[in-house]
Amino acid sequence: MSEKNVAFAVAYYQAMNNKDLSVIEKYLHPDVRLISPMADVRGKDAVFNSVKNFLTVFDKLTIRAQCGNGDQVMLAYDLDCPVPTGLVRGAVLLTFQNGLIIRYELFYDARPFEKKKNEIFS
C-alpha cells in the first residue's frame, strides 16, 4: 500500500505544479483536514478552495524527496515563488484512506505568505 500511496502523493503534487484542479480535487477525501502553520481547514470544499487559492502564490513546485510507510507519505518540496518571496522549502505529511487524502499536514516557514493568508484561506 505504501508504494501506491507514494505514487498518489507524487501525482497530487505534480497536479499542483501543473495547476490541474480536476486532478487535485479527485485525490481529496470528503472529510479531509488540512493543517498548516497558517490555518486548520476541514472538509473537501474548504480544503480544495484553499489549495486552489494557494496555486496563485508560486510559479513552480519541485518534489525533492519522498518516502512512505503504510497509509502515510512524506514529501519534501521546493516552491519557486515570484520576487520578493523567492524559493520556499517545505514538507508535507499526507495520510491516505482508500487512495484519498484524509489528512494533509504542511510544514513550512509561513512568514513569506502572511500577507496572503486571507486570500489563501478564505
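Quick look at the structure, then. From a predicted model like this one, the values you see are computed outputs, not experimental measurements.

1. Focus: the side chain of threonine 95
Structurally, threonine 95 is set in strand β5 (residues 87–97). Residue class for threonine 95 comes out buried when judged on its relative accessible area of 11%. In this view, threonine 95 contacts Asp71, Gln72, Leu100, Ile101, Ile102 and Arg103; residues no more than four positions away in its chain are not counted.

2. Structural notes on helix α3 (residues 44–54)
Buried within α3 we find Val47, Phe48, Ser50, Val51 and Phe54. One side of α3 holds all its buried residues, which, seen down the axis, span an arc of 160°.

3. Some remarks on the sheet that holds strand β3 (residues 60–69)
With respect to topology, six strands assemble into an open sheet ordered β2-β1-β6-β5-β4-β3, the strand pairing being mixed. On the outer flanks of this sheet lie β2 (40–42) and β3, each paired with one strand and no other. With strand direction ignored, the average angle separating the axes of adjacent strands in the sheet is 20°. The pairing of strand β1 (residues 28–35) with β2 spans three bridges and is classified as antiparallel. The residue bridging leucine 34 from the neighbouring strand is valine 41, located in β2. Lying on the sheet, helix α1 (residues 2–18) is in contact with β1, β3, β4 (72–80), β5 and β6 (100–108); it crosses β3 at an angle near 170°. Where α3 meets the sheet, it contacts β1, β2, β4 and β6, and its direction lies at approximately 60° from that of β1.

4. Looking at the packing of aromatic side chains
In the structure shown here, the tally under the stated rule is nine aromatic pairs. Ring geometry for phenylalanine 8 and tyrosine 27: centres 5.8 Å apart, planes at 50°, overall tilted. Taken together, the residues phenylalanine 8 in helix α1 and tyrosine 27 in the loop between α2 (21–26) and β1 connect sequence positions 19 residues apart. A relative accessible area of 23% places phenylalanine 8 in the partly exposed class. Arranged with centres 5.7 Å apart and planes meeting at 80°, the rings of tyrosine 12 and tyrosine 104 form a pair that is edge-to-face. Here tyrosine 12 is found in helix α1, whereas its partner tyrosine 104 is found in strand β6, with 92 residues between them in sequence. The residues tyrosine 12 and tyrosine 104 share a single accessibility class, namely buried. In this structure, lysine 19 is placed above the aromatic ring of phenylalanine 58, and the distance from its NZ or CZ to the ring centre is 3.8 Å.

Conventions used here
Residues numbered from 1 in each chain as written. Predicted model: local features only at pLDDT ≥ 70, side-chain atom pairs only at ≥ 80, totals over all residues. Heavy atoms only, no water. Helix = DSSP H or I, 4+ residues; strand = E, 2+ residues; numbered from the N terminus. Buried < 20%, exposed > 50% of the residue type's maximum accessible area, 1.4 Å probe, protein only. Contact = heavy atoms within 4.5 Å. Arc of directions from axis to C-beta. Pairing = 2+ DSSP bridges. Axes fitted to C-alpha atoms, helices over the stretch in contact; angles between N-to-C directions. Phe/Tyr/Trp six-rings, centres within 6.5 Å; stacked < 30°, edge-to-face > 60°. Lys NZ or Arg CZ within 6 Å of the ring centre and 35° of its normal.

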